[in-house]
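Working through the structure, step by step
Next come the chains, spelled out residue by residue.
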Amino acid sequence: METIASFTVDHLKLLPGVYVSRKDSTGHDIVTTFDIRMTRPNYEPVMNTAEVHTIEHLGATFLRNHEILGEKVIYFGPMGCRTGFYLILAGDYEPDSIVPYLRELFEFIRQYEGEVPGASAAECGNYLDLNLPMAKYQADKYLEQVLNRITPDRMQY
C-alpha cells in the first residue's frame, strides 16, 4: 500500500501553524485541505476530547455561517491525534489567505458565552463530552502563540 501524504510529514519537526495538507481536483474544481495544527505533535500534550469536541461544534457553526467562507466550507473537524483540525474548502487557497478568517474563528471561540451549539442528545451523539472553558483556553493559546504572530515557516511543511 502506498503511504498517504499526511504520513510523509515529519511530525517530530512540525510546529503549530496553518498548512496546506493537500489540494484535490474534483474534475472541474480544486478542494483545499488545511492542517490547522494547534499543538506540537509528540512534544506537548494533545487536547482532550471534550475541548476538541467543543471547538468542533463552535468552529463548524461559525464557519458554515460565515458570510464569505460559509458556502465554501466542506468540512471542519478534528484530527484523530487531537493536535489540531482539518478545514476543507472548495477552491484553491494558500494559508495566508485564510489566516484572517481563522483569527475571526478562534476569537469567536475565545469569547463565546452560552450554550454550545448542538449540545443536546437530539443533536449530538456524545453531547455530554464538551468543555467550553478548555476550548476557550485552547483558542486563546492558539491565537496568541500562533495566529497573531504567524510567520512563513508556520505555513509551509
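Below is a short write-up of the structure. (Residues numbered from 1 in each chain as written. Predicted model: local features only at pLDDT ≥ 70, side-chain atom pairs only at ≥ 80, totals over all residues. Heavy atoms only, no water.)

1. Some points on the overall build of the protein
- Within the protein, the secondary structure is distributed over 3 helices and 4 strands.
- Helices (α) and strands (β) of the protein occur, in sequence order from the N terminus, as β-β-α-β-β-α-α.
- Computed over the C-alpha atoms, the radius of gyration of the protein is 15 Å, within 12% of the 15 Å expected from 2.2 N^0.38 for a compact globule of 157 residues.
- With 157 residues in all, the protein has 43% of them scored as buried.
- Summarising the internal contacts of the protein: among those between residues at least 6 apart in sequence, 68% fall at separations of at least 24.
- By element, 51% of the accessible surface of the protein is carried by carbon and sulfur atoms, the whole surface being about 8,600 Å². (Helix = DSSP H or I, 4+ residues; strand = E, 2+ residues; numbered from the N terminus. Rg over C-alpha atoms; globule rule 2.2 N^0.38 Å. Buried < 20%, exposed > 50% of the residue type's maximum accessible area, 1.4 Å probe, protein only. Contact = heavy atoms within 4.5 Å. Areas by Shrake-Rupley, 256 points an atom, 1.4 Å probe, with all protein chains shown as cover.)

2. A short note on the packing of helix H2 (residues 95–111) against helix H3 (residues 132–145)
- Packing of H2 against H3 brings their axes to within 8 Å, and their N-to-C directions diverge by 145 degrees. The way H2 lies across H3 gives a crossing that is left-handed. Contact with H2, carried on its side by Arg103, Phe106, Glu107, Ile109, Arg110 and Gln111, involves Ala135, Lys136, Ala139, Asp140, Tyr142, Leu143 and Glu144 of H3 and no other residues of that element.
- Across the contact of H2 with H3, the residue classes tally to 6 nonpolar, 1 polar and 6 charged. (Axes fitted to C-alpha atoms, helices over the stretch in contact; angles between N-to-C directions. Left-handed = near helix turned anticlockwise from the far one by under 90°. Nonpolar A, V, L, I, M, F, W, Y, C, P; charged D, E, K, R; others polar.)

3. Looking at the sheet that holds strand S2 (residues 30–37)
- An order of S1-S2-S4-S3 is seen for the 4 strands of this open sheet, with the pairing classed as antiparallel. This sheet does not close on itself; its edge strands, each paired only once, are strand S1 (17–25) and strand S3 (73–78). The mean angle between the axes of side-by-side strands here comes to 15 degrees, regardless of whether they run parallel or antiparallel.
- Of the strands in this sheet, S1, S2, S3 and strand S4 (84–90) touch H2, which is tilted by about 120 degrees from S1. (Pairing = 2+ DSSP bridges.)

4. Here we look at the pairing of S1
- With 8 bridges connecting them, S1 and S2 associate as antiparallel partners. The partner of Gly17 across the bridge, within S2, is Arg37.
- Taken together, S1 and the strand that follows it, S2, pair antiparallel across an intervening segment of 4 residues, in which Gly27 is found at a positive phi of about 110 degrees.

5. Side note on helix H1 (residues 49–64)
- With 16 residues, H1 extends 22 Å from end C-alpha to end C-alpha; this agrees with the ideal 22 Å at 1.5 Å per step.
- Of all the residues in H1, the buried ones are Ala50, Glu51, Val52, His53, Thr54, Ile55, His57, Leu58, Gly59, Phe62 and Leu63.
- Each element contacted by the buried residues of H1 is listed here: S3, S4, H2 and H3. (Expected span 1.5 Å × (residues − 1).)

6. Comments concerning the nonpolar core
- Of all hydrophobic cores here, the largest spans 37 residues; its most connected members are Val18, Phe34, Ile36, Ile55, Leu87, Ile98 and Phe106.
- With 7 residues, H2 is the single largest residue contributor to this core. (Core = buried A, V, L, I, M, F, W, Y, C linked by side-chain atoms within 4.5 Å.)

7. Side note on H2
- Taking 1.5 Å per residue as the helical rise, H2 with its 17 residues ought to reach 24 Å, and the 24 Å between its terminal C-alpha atoms agrees with that figure.
- The largest bend in H2 is about 30 degrees, located at Tyr101.
- When H2 is considered as a whole, its buried residues turn out to be Pro95, Ile98, Val99, Tyr101, Leu102, Leu105, Phe106 and Ile109.
- If you follow the buried residues of H2, they end up packed against S1, S2, H1, S3, S4 and H3. (Bend = angle between axes of the 7 residues up to and from the residue.)

8. Description of the side chain of Thr83
- Within the secondary structure, Thr83 is located in the loop between S3 and S4.
- A polar contact is formed between the side chain of Thr83 and the side chain of Arg37, at a distance of 2.7 Å. (Polar contact = N/O pair within 3.5 Å; in protein donor to acceptor, adjacent residues only side chain to side chain.)

Take it as geometry only, folks, not as evidence of what the structure does.
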